[in-house]
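# Survey of secondary and tertiary structure
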Amino acid sequence: MEKRFVYADNAATTRVSERALSAALPYFTEQYGNASSIYMLGQNAAKAILKARKQVADAIGAKTNEVYFTSGGSESDNWAIKGVAEVGEKKGKKHIITTAFEHHAVLHTCQYLEKHGFEVTYLPVSDKGLVTAEQVRDAIREDTCLVTIMFANNEIGTIQPIGEIGKVCREKGVIFHTDAVQAVGNVPIDVKELNIDMLSLSGHKIHAPKGVGALYIRAGISIPNLIFGGAQERSKRAGTENVPSIVALGEAITAATEDIPGKIEKVTKMRNRLIDEILKIKETRLNGDREQRLCGNVNISIRGIEGESLLLSLDLMGICASSGSACTSGSLDPSHVLLAIGLPHEIAHGSLRLSISDETTDEDIDYIIECVPKVVDKLRAMSPLWDRICRDEGITGGNLY
Amino acid sequence: MIYSEKVMDHFANPRNVGTIENADGVGEVGNAKCGDIMKMYIKVDNGTISDVKFQTFGCGAAVATSSMATELIKGKSIDEALKLTNKAVVEALDGLPPAKLHCSVLAEEAMKAAISDYYRKQGVDPEPIVGKVAGCSDCEGCH
């Protein structure tokens, strides 16, 4: 077997596309003006930002003046949640609804607000990794100022019923924010149709560079600044614009949303092949609903082995993947997402996330399918836990099938 | 978090992996909830550890520290083996990331658990010689 390099961690970050890079390059060394400057060089940068803003707006069904560029998903989440909370507080509304398996940019912001007198409801998620609009409806109170629920989960890829949740929030007059960092480019999004009031997105998940993102804020909603200073972003987000990255984000989001159904069809086929083949290994399970799932996400728990060992072994074979194992995160608890869907610690430790993209090839999938069983066999062969599982549960035969 | 080349070498090519049938001592420490279990098997001839094997469920550092610990005690007398500290294992691996130091503690404990088991099989109370083997409950890395 010839060794390949296979990047299967697109939920962590993506390769910058040639299209995004070539659009951005002139803004480093040629059109390097400050967009706030009056001369042509500066105005060229301003025009480029305007174009990118329209590209982002068009990609999500927003108006140009509803899009604010930020440094990425985390900043967008922080700004949206803290901003709405501050407005809510003035009206005596100090209750926020979110879910137990949000990204830490949302969870830790909510926890911060709890320390400052807010009450946060963390909706439990089902064993399939889904929440329902009914749960949201039941949790909304008189003093609820914000519902923030991710569009698609970053670890298990489950797509939430955002349109239904949006409808409930709109009826109840509660602002609805969604972290759509994983969903943009993988799910068709129209913020008006889905009744989304605020939406966070990130560049580096869709083949733009790291360090750029955007927050959509529906016209009519006003939140205070997170970052004060100059008059950039209509005075709502200070700091000289990161012009090359903003330009790249514009191109990347246009590319990512040009043919979403086509991408879904192509990538889903590869993803399903991966899932079906890896699940042939005994004592494995797919985490997250199989249908309501991002087209590129595979998340499988493999009993008897530990996630970091699995990743290091795959890396030695040229495969980049990730895990919900505690050991990869520096903390000692396994992923809060896998615990939220009810996995016991010992199973959550042995999880593997493969996130493919439209740049993934069938040959890449073949290679992963060839390598994963080899690694599982090797690690189970040396695992005292696997020995015990086999003994206690009467599992016979080899380590694999 | 970056592993040294030695850690990666011992992870990719672990020494002394496996089990020993009719081992003179077997020790197991850690638990699945924490994500680390180490099991060590020793064969003892005339007070010397003539053979040692291990099985580990755990992260890269867990595998590498088990592998290194077995290398360091193989062919040594029990007295010498008992002088092996987790620090020596870490040094032999050219260091470990701080979050992974507990793995080296586990390797030392697994070795001590195996030696304790050996003494118990000989009808000797291991505690005065080996001391208390903490296993995982005292491992500060755990919950």
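Keep in mind that this is a model prediction, so the values were computed, not measured.

Take the overall build of chain A next. Counting its regular elements, chain A contains 15 helices and 12 strands. Over its C-alpha atoms chain A spans a radius of gyration of 22 Å, differing by no more than 12% from the 21 Å that the globule rule assigns to 401 residues. Dimensions along the principal axes, computed over C-alpha positions, put chain A at roughly 70 × 55 × 35 Å. For chain A, buried positions account for 59% of its 401 residues. Expressed as a percentage of contacts within chain A between residues at least 6 apart in sequence, the contacts between residues at least 24 apart total 72%.

A few words now on the overall build of chain B. Regarding its fold elements, chain B presents six helices and three strands. Secondary structure elements of chain B occur, N-terminal to C-terminal, as α-β-β-β-α-α-α-α-α. In summary, chain B has a C-alpha radius of gyration of 14 Å against a globular reference of 15 Å for 143 residues, a match within 12%. Taking the principal axes of the C-alpha coordinates as reference, chain B spans close to 45 × 30 × 25 Å. The proportion of buried residues among the 143 residues of chain B is 55%. When contacts within chain B are restricted to residue pairs at least 6 apart in sequence, those whose partners lie at least 24 apart make up 61%. Only carbon and sulfur atoms are counted for the fraction: they give 46% of the accessible area of chain B, which is about 6100 Å². Across chain B, the mean location of the 15 positive side-chain charges is 1 Å away from that of the 20 negative side-chain charges.

We now examine the environment of G83 of chain A. Residue and element names in this part refer to chain A. Among the structural elements, G83 can be located in helix α4 (residues 73–90). Separated by 91 residues in sequence, G83 and V174 have C-alpha atoms that sit 14 Å apart. For G83, the contacting residues outside a window of four places in its chain are N78, I223 and P224.

Residues and elements named next belong to chain B. Locating L84 in the fold gives a position in the loop between α3 (78–82) and α4 (86–92). The exposure class assigned to L84 is buried, which follows from its relative accessible area of 12%. Sequence spacing of L84 and V7 is 77 residues, and the spatial spacing of their C-alpha atoms is 18 Å. If we skip the residues at most four places from it in the chain, L84 touches A69, L72, I73, V89, E108 and M111.

Next up on the list: the interface of chain B and chain A. Contacts between chain B and chain A engage 28 residues on the former and 23 residues on the latter. Summing both partners gives a buried area of about 2100 Å² for chain B against chain A, and 65% of it is carried by carbon and sulfur. Taken as a group, F11, Q55 and F57 of chain B account for 26% of the area that chain B buries against chain A, more than any other trio of residues on that side. Put simply, chain B and chain A have two salt bridges between them. R388 of chain A is paired through a salt bridge with E28 of chain B; the nearest N and O atoms lie 2.3 Å apart. At the boundary of chain B and chain A, one finds 11 residue pairs in polar contact (both at pLDDT 80 or more). A per-element tally of the side of chain B that touches chain A places strand β3 (residues 48–57) of chain B first, with four residues. Broken down by class, the residue content of the side of chain B that touches chain A amounts to 16 nonpolar, eight polar and four charged.

Turning to the layout of surface pockets, a few remarks are in order. Any space left empty among the atoms is revealed by the rolling of a water-sized probe across them. Residue and element names in this part refer to chain A. Space inside the second largest pocket adds up to approximately 440 Å³. Taken together, 28 residues form the lining of the second largest pocket, with N186, H207, K263, S357 and D358 sitting closest to its centre. Broken down by element, the lining of the second largest pocket gets its largest block of residues, four residues, from helix α8 (residues 243–258). Split into classes, the residues belonging to the lining of the second largest pocket amount to 10 nonpolar, 11 polar and seven charged.

For E283 of chain A, which is not glycine, the phi torsion reads 55° and is therefore positive. With respect to the helices and strands, E283 of chain A occurs in the loop between α9 (260–279) and β9 (284–286). Looking at E283 of chain A, the relative accessible area reads 28%, which means it is partly exposed. One non-glycine residue, D94 of chain B, lies in positive phi territory at about 60°.

A cluster of nonpolar side chains, L21, L25 and F28 of chain A, forms an exposed patch at the surface whose accessible area comes to about 290 Å². Position of F28 of chain A relative to the elements: it lies in helix α2 (residues 26–29).

Here we come to the sheet that holds strand β8 (residues 213–217) of chain A. Residues and elements named next belong to chain A. Taken in spatial order, the seven strands line up as β2-β8-β7-β6-β5-β3-β4 in an open sheet, and their pairing is mixed. Only two strands of the sheet have a single neighbouring strand rather than two, namely β2 (67–70) and β4 (119–123). For this sheet the average axis-to-axis angle between neighbouring strands, irrespective of direction, equals 20°. The pairing of strand β3 (residues 95–99) with strand β5 (residues 144–148) spans three bridges and is parallel. Paired with I97 across the strands is V147, a residue of β5. Sheet strands touched by helix α3 (residues 40–60): β2, β7 (198–202) and β8. Its angle to β2, the strand with the most contacts, is close to 115°.

Quick look at the sheet that holds strand β2 (residues 36–45) of chain B now. All names here are of chain B. An order of β1-β2-β3 is seen for the three strands of this open sheet, with the pairing classed as antiparallel. Pairing within the sheet leaves two strands with one partner each, and these edge strands are β1 (25–31) and β3. Sheet twist, expressed as the mean angle between neighbouring strand axes with direction ignored, is 15°. With nine bridges joining them, β2 and β3 adopt antiparallel strand pairing.

On to the nonpolar core. Ranked by internal contacts, the top residues of the largest apolar core, which has 73 residues, are L274, L310, L314 and L354 of chain A together with M40 and I115 of chain B. With 10 residues, the single largest contributor to this core is helix α5 (residues 101–121) of chain B. Residues in contact with I115 of chain B, not counting those within four places in the same chain, are I42, I49, I78, A81, L82 and V130 of chain B. In terms of nonpolar packing, the next biggest core, distinct from the first, is built from 68 residues, A23, I97, V212 and L294 of chain A among them.

What counts as what
Residues numbered from 1 in each chain as written. Chains lettered and ligands numbered in written order. Predicted model: local features only at pLDDT ≥ 70, side-chain atom pairs only at ≥ 80, totals over all residues. Heavy atoms only, no water. Helix = DSSP H or I, 4+ residues; strand = E, 2+ residues; numbered from the N terminus. Rg over C-alpha atoms; globule rule 2.2 N^0.38 Å. Buried < 20%, exposed > 50% of the residue type's maximum accessible area, 1.4 Å probe, protein only. Contact = heavy atoms within 4.5 Å. Areas by Shrake-Rupley, 256 points an atom, 1.4 Å probe, with all protein chains shown as cover. Lys, Arg positive; Asp, Glu negative; His and termini not counted. Charge placed at Lys NZ, Arg CZ, Asp CG, Glu CD. Buried area = accessible area lost by both parts, 1.4 Å probe. Salt bridge = Lys/Arg side-chain N within 4 Å of Asp/Glu carboxyl O. Polar contact = N/O pair within 3.5 Å; in protein donor to acceptor, adjacent residues only side chain to side chain. Nonpolar A, V, L, I, M, F, W, Y, C, P; charged D, E, K, R; others polar. 1 Å grid on protein atoms, 1.4 Å probe; cavity = no way out; pocket = protein on both sides within 12 Å on 5 of 7 lines; lining within 4 Å. Points joined across faces, edges and corners; volume = space filled by probe spheres on them. Patch = residues over 30% accessible without salt bridge, like charges linked within 9 Å, V, L, I, M, F, W, Y side chains within 5 Å. Pairing = 2+ DSSP bridges. Axes fitted to C-alpha atoms, helices over the stretch in contact; angles between N-to-C directions. Core = buried A, V, L, I, M, F, W, Y, C linked by side-chain atoms within 4.5 Å.

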